Amino acid sequence: MNFWESLYKNKLMLTGGGLVLLLLVISILAPWLAPYDPGQIDLNNVLAAPSMQHWFGTDQLGRDVLSRMIWGARISLKVGFVATGFAILIGTVLGAVSGYYGGWVDSVIMRFVDIMLCFPTFFLILAVIAFLEPSIWNIMIIIGVTGWMGVTRLVRADFISLRERDFVHAAKAIGAGDLRIIFMHILPNSMASILVAATLGIAGAILTESALSFLGIGVQPPTPSWGNILTAGKDNIDIAWWLSLYPGLAILMTVVGYNLLGEGIRDLLDPRLKK
Amino acid sequence: MLRYIIKRTLFMIPLLLGITVICFFVMHLAPGSPTDLQTEMNPKASAEMKERLRTMYELDKPIHVQYASWLTKISQGDLGTSFSTDHRPVADKIMERLPVTILINLLSLFIIIAVAIPLGVLSAVHKDSWFDKATTVFVFIGFAVPTFWLALLLMIYFGSHLNWLPISGLRSLNYEYLSATDRLMDVVKHLVLPVFVSAFGGLAGLSRYMRANMLEVIQQDYMMTARAKGLSERDVIYKHALRNALLPAITILGLSIPGLIGGSVIFETIFAIPGMGQLFYMSVMARDYPTIMGILLIGAILTLAGNLIADVSYAVADPRIRIS
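Worth saying up front: this structure is predicted, and the values here are computed from it rather than measured.

Moving on, we get to the overall build of chain B. Counting its regular elements, chain B contains 13 helices and zero strands. Counting helices and strands in the order they occur from the N terminus, chain B gives α-α-α-α-α-α-α-α-α-α-α-α-α. The dimensions of chain B, computed from C-alpha atoms along their principal axes, are 85 × 55 × 40 Å. Across the 324 residues of chain B, 45% fall into the buried class. Of all intrachain contacts in chain B linking residues separated by at least 6 positions in sequence, the fraction that spans at least 24 positions is 72%. As displayed, chain B offers around 16,700 Å² of accessible surface, 66% of which is attributable to carbon and sulfur atoms.

What follows is the structure in structure tokens.
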């Protein structure tokens, strides 16, 4: 069975990939897809129920919810990608150094990982974000900085199992430096597990961002994000169900999409895990 | 066994120290100061007054001095005094809120265990059946549902629409006038939604893990042995396989504790439950350093204690690792 056949066979992964692709297209085409300007206030049409004019209704300032959600997709993707990028970067470097050198370097890094894993992560994120200005960049950095530990363990395990292999000794014998061996020879072998971790990490980062925005310390209004539309949903819980329902569905679909894609990639790249 | 527990407990001390160092420095190096929040809204606050506040809170000293003095107090069991307007001891503020949070987390942990284990085991035993497929779909949704959104939907449906359940707080306004049984019912009703919401995410994780474990155990040679000696399929699955599959689940439960505690910020804020999570949210908003540090410390201790209990139960349950 070749790659494309097994890709086709993996229905779940296709679904996930489809959802992710759809989301990408929506965020790229946001300016053309959104029926209204996401910031356009219409005080004569506040909290209007879904209708032909406003498919998903309007919010407490009369802004079109669908348009805000389409622009919100951009924010979610941006946070997801950048935050995960930070986490992967930190995690890979620390994991590679730890696994390759071993010894006290390894001990120090792994104890640090243990400490970081003892925090209820969401507490830590909250604590830091409240002291920084709650801007989108700070959120991306802090989600990344509190989310690298899993990647470190993964990469470290790969490095430990690979560092005594013949190809590493061969590279050393012809005089390759440590950096070259780490990044050019060993790291490419970890790419599969890093890719899977990254895909699943994006899902987690999007969830965290929406929770932070919901609590009012994430993406700040007027910038639309799925989480801060839901805040308005909570404030108008008795009268405007549409403010609560649709943005949450968007988050759910997105996260399901990335999770399915991640698991699919894992099955595809690691035949051992296939049932 | 006792030696193992003592060793593990002693090992927690350097970890805890590391945790406090990280919290303390991250918080103090971040821009913004608690005095800003107290003074920037007040036009009469002069620069001199800000300085006085800073001196009072010892914020003018170098950070390592502040840390040392904080640590000295902690070792005497003093978590300091809150920066908020009530100026109460942090320990009191936390202790009056901790029981609610622990109660809700224990209840949801109980539900997670009671539901997720049968779910995972059954879907592994009946692999590829409709039940297994339905569970898989449920698991994927469970992983992806934002808990606060689930809470919102349940509040809208059961609270506003059907009017069955209260959606905020722990007690009704007329609590004082109720009989003992009605009081209990009142609290139970208030707890239904928060406990369900906090259990939901954990359900998915544990049941998926149980399924994977069970599938792996079923393939082992000793399962063949059990069948070969003529045990009924029932005994094979529920006595031999289940016991072995349950072992690693203990560790997973231990690891899920930080997530549960972290999640309490979200559902306590949404449901207006006066627990530790809500206190944390309020302290963060008010930049109340001592309370934030206190809660982070308690959260870390709870996490470490959870891991320790998990490891000890693992050692009790699995004779193979008892010696180490």
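On we go.
The next subject is the confidence of the model for chain B. Residues and elements named next belong to chain B. Model confidence for chain B is summarised by a mean pLDDT of 82, while 90% of its residues fall at 70 or above. Confidence, read as mean pLDDT per element, is least for helix H2 (residues 34-39) in chain B (58) and greatest for helix H5 (residues 90-125) (90). Interface confidence in the predicted complex, given as ipTM, is 0.85; pTM for the same model is 0.85.

Take the packing of aromatic side chains next. Residue and element names in this part refer to chain A. Counted according to the given criterion, the structure contains 12 aromatic pairs over all chains. With a centroid separation of 4.0 Å and an interplanar angle of 10°, the aromatic rings of Phe56 and Tyr246 are classed as stacked. Placement of Phe56 in the loop between helix H3 (30-33) and helix H4 (65-101) and of Tyr246 in helix H12 (residues 241-269) is noted, with a sequence separation of 190 residues between them. For Phe56, a relative accessible area of 21% gives the class partly exposed.

Counting 124 residues, the largest nonpolar core has A:Leu215 and B:Phe280 as its most contacted members. In terms of residue count, H12(A) provides more of this core than any other element does, 13 residues in total. For A:Leu215, the contacting residues outside a window of four places in its chain are A:Phe122, A:Leu126, B:Val265, B:Ile266, B:Thr269, B:Tyr281 and B:Met285. B:Ile112, B:Val217, B:Ala226 and B:Ala245 belong to the second-largest nonpolar core, a separate cluster that totals 23 residues.

The next thing to look at is the interface of chain B and chain A. Contacts between the two partners involve 47 residues from chain B, matched on the other side by 41 residues from chain A. Summed over both partners, the interface of chain B with chain A comes to about 3,900 Å²; 83% of that surface belongs to carbon and sulfur atoms. Counting the surface chain B buries against chain A, the share from its top three residues, B:Phe140, B:Phe148 and B:Trp149, is 16%. Connecting chain B to chain A are one salt bridge. The partner of A:Glu263 in a salt bridge is B:Arg208, and the shortest N-O contact between them spans 2.5 Å. One can count four residue pairs in polar contact (both at pLDDT 80 or more) joining chain B with chain A.

Criteria and cut-off values
Residues numbered from 1 in each chain as written. Chains lettered and ligands numbered in written order. Predicted model: local features only at pLDDT ≥ 70, side-chain atom pairs only at ≥ 80, totals over all residues. Heavy atoms only, no water. Helix = DSSP H or I, 4+ residues; strand = E, 2+ residues; numbered from the N terminus. Buried < 20%, exposed > 50% of the residue type's maximum accessible area, 1.4 Å probe, protein only. Contact = heavy atoms within 4.5 Å. Areas by Shrake-Rupley, 256 points an atom, 1.4 Å probe, with all protein chains shown as cover. pLDDT = per-residue confidence, 0-100. Phe/Tyr/Trp six-rings, centres within 6.5 Å; stacked < 30°, edge-to-face > 60°. Core = buried A, V, L, I, M, F, W, Y, C linked by side-chain atoms within 4.5 Å. Buried area = accessible area lost by both parts, 1.4 Å probe. Salt bridge = Lys/Arg side-chain N within 4 Å of Asp/Glu carboxyl O. Polar contact = N/O pair within 3.5 Å; in protein donor to acceptor, adjacent residues only side chain to side chain.

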